[in-house]
Amino acid sequence: MEAIVLGGGEEAWARKYGVRSKALVPYRGRPMAEWVLSALREAGLSVVYVGENPGLSPSPRLTLPDRGSLLGNLEAALEHVEGRVLVATADIPHLTPEAVRYVLEKAPEAALVYPIVPKEAVEARFPHSRRTYARLREGVFTGGNLVLLDKGLFYQALPLAQRVVALRKSPLALARLIGLDVLLKLLLGRLSLPELEGRAGRILGVEAKALITPYPEVGVDVDREEDLVS
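Keep in mind that this is a model prediction, so the values were computed, not measured.

Parameters and conventions
- Residues numbered from 1 in each chain as written.
- Predicted model: local features only at pLDDT ≥ 70, side-chain atom pairs only at ≥ 80, totals over all residues.
- Heavy atoms only, no water.
- Phe/Tyr/Trp six-rings, centres within 6.5 Å; stacked < 30°, edge-to-face > 60°.
- Buried < 20%, exposed > 50% of the residue type's maximum accessible area, 1.4 Å probe, protein only.
- Lys NZ or Arg CZ within 6 Å of the ring centre and 35° of its normal.
- Helix = DSSP H or I, 4+ residues; strand = E, 2+ residues; numbered from the N terminus.
- Pairing = 2+ DSSP bridges.
- 1 Å grid on protein atoms, 1.4 Å probe; cavity = no way out; pocket = protein on both sides within 12 Å on 5 of 7 lines; lining within 4 Å.
- Points joined across faces, edges and corners; volume = space filled by probe spheres on them.
- Nonpolar A, V, L, I, M, F, W, Y, C, P; charged D, E, K, R; others polar.
- Core = buried A, V, L, I, M, F, W, Y, C linked by side-chain atoms within 4.5 Å.
- Contact = heavy atoms within 4.5 Å.
- Patch = residues over 30% accessible without salt bridge, like charges linked within 9 Å, V, L, I, M, F, W, Y side chains within 5 Å.
- Areas by Shrake-Rupley, 256 points an atom, 1.4 Å probe, with all protein chains shown as cover.
- Salt bridge = Lys/Arg side-chain N within 4 Å of Asp/Glu carboxyl O.
- Polar contact = N/O pair within 3.5 Å; in protein donor to acceptor, adjacent residues only side chain to side chain.

A word on the packing of aromatic side chains
Next up, step 1: A full pass over the atoms with the stated rule returns 3 aromatic pairs.
Next up, step 2: For the ring pair Trp-13 and Tyr-17, a centre distance of 6.5 Å and an interplane angle of 85° mean the geometry is edge-to-face.
Next up, step 3: Among the residues examined, Tyr-17 registers a relative accessible area of 30% and is labelled partly exposed.
Next up, step 4: Ring centres of Tyr-27 and Trp-35 lie 6.3 Å apart, and the angle between their planes is 80°; this geometry places the pair in the edge-to-face category.
Next up, step 5: Residue classification places Trp-35 among the partly exposed positions, given a relative accessible area of 25%.
Next up, step 6: Looking at Arg-30, its charged tip hangs above the ring of Trp-35, at a distance of 4.9 Å from the centre.

A closer look at the pairing of strand β1 (residues 2–6)
Next up, step 1: Buried residues dominate β1, accounting for 5 of its 5 residues.
Next up, step 2: Residue alternation in β1 divides its side chains into two sets, Glu-2, Ile-4 and Leu-6 and Ala-3 and Val-5, and both sets are buried.
Next up, step 3: The pairing of β1 with strand β4 (residues 46–50) spans 5 bridges and is classified as parallel. Following the sheet pairing, Glu-2 is matched in β4 by Ser-46.
Next up, step 4: As judged from the 5 bridges shared by β1 and strand β6 (residues 84–89), these two strands associate in the parallel manner. Note that in β6 the partner of Leu-6 across the bridge is Thr-89.

Concerning the layout of surface pockets
Next up, step 1: Estimates place the volume of the second largest pocket at around 300 Å³.
Next up, step 2: Along its surface, the second largest pocket is lined by 17 residues, and Leu-6, Gly-7, Gly-8, Gly-9 and Leu-70 are the ones closest to its centre.
Next up, step 3: Here the lining of the second largest pocket is composed, by residue class, of 4 nonpolar, 8 polar and 5 charged.

Quick word on the nonpolar core
Next up, step 1: The biggest cluster of nonpolar side chains holds 42 residues, and the ones touching the most others in it are Val-5, Leu-40, Tyr-49, Leu-86, Leu-95 and Leu-146.
Next up, step 2: Those elements that provide at least two residues to this core are β1, α1 (32–42), β4, β6, α3 (97–106), β7 (112–118), α4 (119–125) and β10 (146–150).
Next up, step 3: Of the residues forming this core, the biggest block, 6 residues, is contributed by α1.
Next up, step 4: Beyond its immediate stretch of four places on either side in the chain, Val-5 contacts Val-36, Leu-37, Leu-40, Val-47, Val-48, Tyr-49, Val-50, Ala-88, Thr-89 and Ala-90.
Next up, step 5: Residues Val-50, Leu-78, Leu-112 and Phe-154 belong to the second largest nonpolar core, which totals 25 residues.

Let's talk about a nonpolar patch on the surface
Next up, step 1: A cluster of nonpolar side chains, namely Leu-184, Leu-187 and Leu-188, defines an oily patch on the protein surface of about 340 Å² accessible area.
Next up, step 2: By secondary structure assignment, the location of Leu-184 is in helix α7 (residues 180–187).

Focus on unusual backbone geometry
Next up, step 1: For the peptide bond that leads from Ser-57 to Pro-58, omega is 5°, which places it in the cis range.
Next up, step 2: Tracing the sequence through the fold places Pro-58 in the loop between β4 and β5 (62–64).
Next up, step 3: In this model, Arg-28 sits at a positive phi of 50°, which is unusual for a non-glycine residue.
Next up, step 4: Inspection of the secondary structure puts Arg-28 in the loop between β2 (26–27) and β3 (30–31).

Describing the pattern of salt bridges
Next up, step 1: A full pass over the atoms with the stated rule returns 19 salt bridges.
Next up, step 2: A salt bridge links Lys-119 to Glu-123; the nearest nitrogen and oxygen atoms lie 3.9 Å apart. Of the two residues, Lys-119 and Glu-123 are both situated in helix α4; the distance of 4 residues between them amounts to about one turn of the helix.
Next up, step 3: Its relative accessible area of 30% is what places Lys-119 among the partly exposed residues.

What to know about the side chain of Arg-131
Next up, step 1: Tracing the backbone shows Arg-131 in the loop between α4 and β8 (134–136).
Next up, step 2: Accessibility expressed as a relative area gives 17% for Arg-131, which makes it buried.
Next up, step 3: There is a polar contact of 3.2 Å between the side chain of Arg-131 and the backbone oxygen of Gly-219.
Next up, step 4: Here the side chain of Arg-131 touches Asp-221 through a polar contact of 2.9 Å, side chain to side chain.
Next up, step 5: Apart from the residues lying within four places of it in its own chain, the contact partners of Arg-131 are Val-122, Thr-142, Gly-219, Val-220, Asp-221 and Asp-223.

Here it is, written out as structure tokens:
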């Protein structure tokens with residue numbers, strides 16, 4: 001299996017370190033992206049990297065230029081892989097080979113698998129990290145920065161993904177797309193994982209599954225400069 005690492009985009013605070021993308025901001029002596037590339041390589045995956053590459057090590061199999069958007073970058077990378085692929089962002093420098101192997105080994109058979117991490121696991125490992133959590137019947141979770149997907153799914157779901165991005169500043173429109181019944185249950189903490197998976201599957205037109213993972217490293221990214229001290 002191959003992996004895609006998305007390292008594009010620009011962050012104003014990254015310029016303080018002489019780079020444009022936060023993927024290249026140094027963390028413990030190395031660009032953040034290198035920690036991600038190392039974890040994936042040690043887990044046995046080759047990598048297609050999207051973004052500026054000033055000589056990252058370990059070297060990805062292929063480097064593609066930043067197209068200016070997450071969806072555009074993912075679409076470009078998928079042209080160079082086949083079948084099932086693991087997609088990761090370049091701003092998760094805590095990622096470990098063990099966490100990657102867990103996701104690959106435990107992932108159910110589905111067109112899309114999205115790891116989620118229990119709040120208690122995040123707070124035990126990263127007590128000062130600020131994450132966004134959702135309360136479900138099964139517990140309180142944050143989303144991961146890894147996605148396991150089938151290449152064909154992306155093209156099927158692309159129109160929906162583009163619509164979601166276009167509606168990102170309109171909460172009511174997004175609520176209508178997802179379903180007010182689901183959002184209400186989510187707000188009340190009464191939504192279950194099977195219900196959430198079912199709604200995602202109906203929207204996307206393919207089977208989607210969540211994977212509860214005990215590795216908080218997959219869900220703790222670097223959004224702000226202060227996150228570098230974690």
